[in-house]
Every structure is written in structure tokens, then in C-alpha cells.
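# Structural overview
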Amino acid sequence: METTEYSLPELIAKAEHYTASAEHCIMDIQLKLRQWECTFADEQTVISHLIQRGFIDEQRYASAFVHDKLLFHGWGKIKMQAALRAKHIDDSYISAALDNIDETDYFDTLGKVAKSKKNASREQRIRFLLQRGFSYDDIRKGGFF
């Protein structure tokens, strides 16, 4: 039988504190609760509590994730979509978050990422941009060959 170091009210308080500092998805919270050696029943109770109280909102998480990965990490839509799917975010939330990306910001980021490889060959730049999650059509459309 699993043991819990913390009582249920302590787990809820810790999880509220953890989720108040930054956006997290359900999968992030599950992993954190497992680190805290939480039982499955307590895990489900804590997650339900956090959702009901608005500490976890996967649509809000997806929007924040997309915003941060575009502006701070220079990721394209394909890579963001794959990362969100790996975190088991609903496809409708992913689509909504990706659709809300400002096209100007997206192509500005694509340009900055492309310029970071200005001394590389055309093929190397394209491969690099594809690895960063930009589609070939977007690369071509932006004129970053």
C-alpha cells in the first residue's frame, strides 16, 4: 500500500502554492504529486480541487505555453503542438492557442531564428528551422532561404 508523507490538506496547500506561482497542466501536477508520494486517490482529489478553484486551467496553460515558447524559445507551431500533445492537452485547446498567435510576431520570431544561422548553408538553415517547429510553407512564405 502506498504511503503519503503529507495529509490531504497539506497536499492541497502545497499544490495550491505550486500552481499559484506559474501555469501548470494536469500532467505537471500529477508528476509533482507523485514526487510527494501521494496516493492515487489523494492525487485525484487534489487535482479536482485545483480545477474547481481555478488553479489549473488547461486552456489558459496552452495559451501561456504557446506565448512563452514563441517569444522566449523561438519555437514554431509544429513543435509547440507536439509538446502540448505530449502533455495530454486537449486538441481543441491546442488549436485555439495556436490560432491566437499573432502572425507578425510569428514571422518576426521565424526571422530572428533564421538570422541566428546566417552563416549556414541554405539547406542547413531550412533543416534548423524545421527542427525548431516551423513548417516548410512558413519558411518559404517568410522568404528565409
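For the structure, see preceding data.
Keep in mind that this is a model prediction, so the values were computed, not measured.

## Concerning the overall build of the chain
Helix and strand counts for the chain come out as nine helices and zero strands. Listing each helix as α and each strand as β along the chain from the N terminus yields α-α-α-α-α-α-α-α-α. Against the 2.2 N^0.38 benchmark of 15 Å for 145 residues, the chain shows a C-alpha radius of gyration of 19 Å, more extended than a compact globule. Summarising its shape, the C-alpha atoms of the chain cover approximately 60 × 25 × 25 Å along the three principal directions. When the 145 residues of the chain are sorted by exposure, 37% land in the buried category. Expressed as a percentage of contacts within the chain between residues at least 6 apart in sequence, the contacts between residues at least 24 apart total 61%. Carbon and sulfur atoms make up 50% of the accessible area of the chain, which totals about 8700 Å².

## Some points on the packing of aromatic side chains
For the coordinates displayed, the defined rule picks out five aromatic pairs. Taking 6.2 Å as the distance between ring centres and 70 degrees as the angle between the ring planes, the aromatic pair formed by F65 and W75 counts as edge-to-face. Taken as a pair, F65 in helix α4 (residues 58–73) and W75 in the loop between α4 and α5 (77–86) lie far apart in primary sequence, ten residues in all. Arranged with centres 5.4 Å apart and planes meeting at 55 degrees, the rings of Y106 and F134 form a pair that is tilted. Here the residue Y106 occupies a position in helix α7 (residues 103–115), and F134 occupies one in the loop between α8 (122–131) and α9 (136–142), the gap between them amounting to 28 residues. Of the aromatic side chains, those joined through ring pairs into one cluster are Y61, F65 and W75. Taking the ring centre of F128 as reference, the NZ or CZ of K117 above it sits at 4.8 Å.

## Some remarks on the packing of α7 against α8
Interaxial distance between α7 and α8 falls to 10 Å at its minimum, and their mutual angle equals 130 degrees. When the axes of α7 and α8 are compared, the pair comes out oblique. Classified by chirality, the crossing of α8 by α7 is right-handed. In this structure, α7 contributes L110, V113 and A114 to the contact, and α8 contributes R125, F128 and L129. For the contact of α7 with α8, a count of residues per class yields five nonpolar, no polar and one charged.

## Here we look at the nonpolar core
Of all hydrophobic cores here, the largest spans 24 residues; its most connected members are V66, M80, L84, I89, I101, L129 and F134. Broken down by secondary-structure element, the contributors of at least two residues to this core are α4, α5, α6 (91–99), α7 and α8. Beyond its immediate sequence surroundings of up to four residues, M80 is in contact with F65, V66, K69, L70, W75, L98 and I101. Formed by eleven residues, the second largest nonpolar core is a distinct cluster that contains L11, A15, W36 and I47.

## With respect to α7
For α7, with 13 residues, the first-to-last C-alpha span of 18 Å sits near the 18 Å given by 1.5 Å per residue. On the buried face of α7, the contacting elements are α4, α5, α8 and α9. The backbone nitrogen of T104 lies 3.0 Å from a side-chain oxygen of the residue at the head of α7, namely D102.

Conventions and cut-offs
- Here the residue numbering is sequential within each chain, running from 1 through the sequence in written order.
- Given that the model is predicted, a residue must reach a pLDDT of at least 70 before its local features are reported, and side-chain atom pairs must reach 80 or more before they are shown or counted; all residues, however, enter totals for whole chains, interfaces and linings.
- Values reported for side chains reflect all heavy atoms of the structure, with hydrogen atoms and water molecules removed beforehand.
- Each helix is a run of H or I in the DSSP string that is no shorter than four residues. Each strand is a run of E no shorter than two, and both are numbered from the N terminus.
- In this treatment the radius of gyration is a C-alpha quantity, and the globule benchmark scales as 2.2 Å times the residue count to the 0.38 power.
- Each residue is assigned to one of three classes by its accessible area relative to the maximum for its type, calculated with a 1.4 Å probe on protein chains only: buried under 20%, partly exposed between the two thresholds, exposed over 50%.
- Throughout, a contact is declared for two residues whenever any of their heavy atoms are within 4.5 Å.
- Method for areas: the Shrake-Rupley scheme with a 1.4 Å probe, in which residue coverage is limited to the protein chains shown.
- Two rings from Phe, Tyr or Trp (for Trp, the six-membered ring) form a pair when their centres sit within 6.5 Å of each other. Planes less than 30 degrees apart are called stacked, planes more than 60 degrees apart edge-to-face, and all others tilted.
- Put simply, a charge is over a ring when the Lys NZ or the Arg CZ is close to the ring centre, within 6 Å, and near the line of the ring normal, within 35 degrees.
- Whenever a helix is involved, its axis is fitted only over the stretch in contact; in every case the axis is a line through C-alpha atoms, and angles between N-to-C directions fall within 0 to 180 degrees.
- Note on terminology: angles under 35 degrees are roughly parallel, angles over 145 are roughly antiparallel, angles of 65 to 115 are roughly perpendicular, and the others are oblique.
- Crossings are sorted by hand: turned counterclockwise from the far helix by less than a right angle, the near helix makes the crossing left-handed, and turned clockwise it makes it right-handed.
- Here the nonpolar group is Ala, Val, Leu, Ile, Met, Phe, Trp, Tyr, Cys and Pro; Asp, Glu, Lys and Arg are the charged ones; every other residue, Gly included, is treated as polar.
- Take the buried Ala, Val, Leu, Ile, Met, Phe, Trp, Tyr and Cys residues and link them wherever side-chain atoms come within 4.5 Å; each set so joined is a nonpolar core.
- Between the first and last residue of a helix there are one fewer steps than residues, each counted as 1.5 Å, and that sum is the expected span.
- Pairs of N or O atoms within 3.5 Å make up the polar contacts considered here, provided that, within protein, one atom can donate a hydrogen while the other can accept it, and that residues adjacent in sequence are counted only when both atoms are side-chain atoms.

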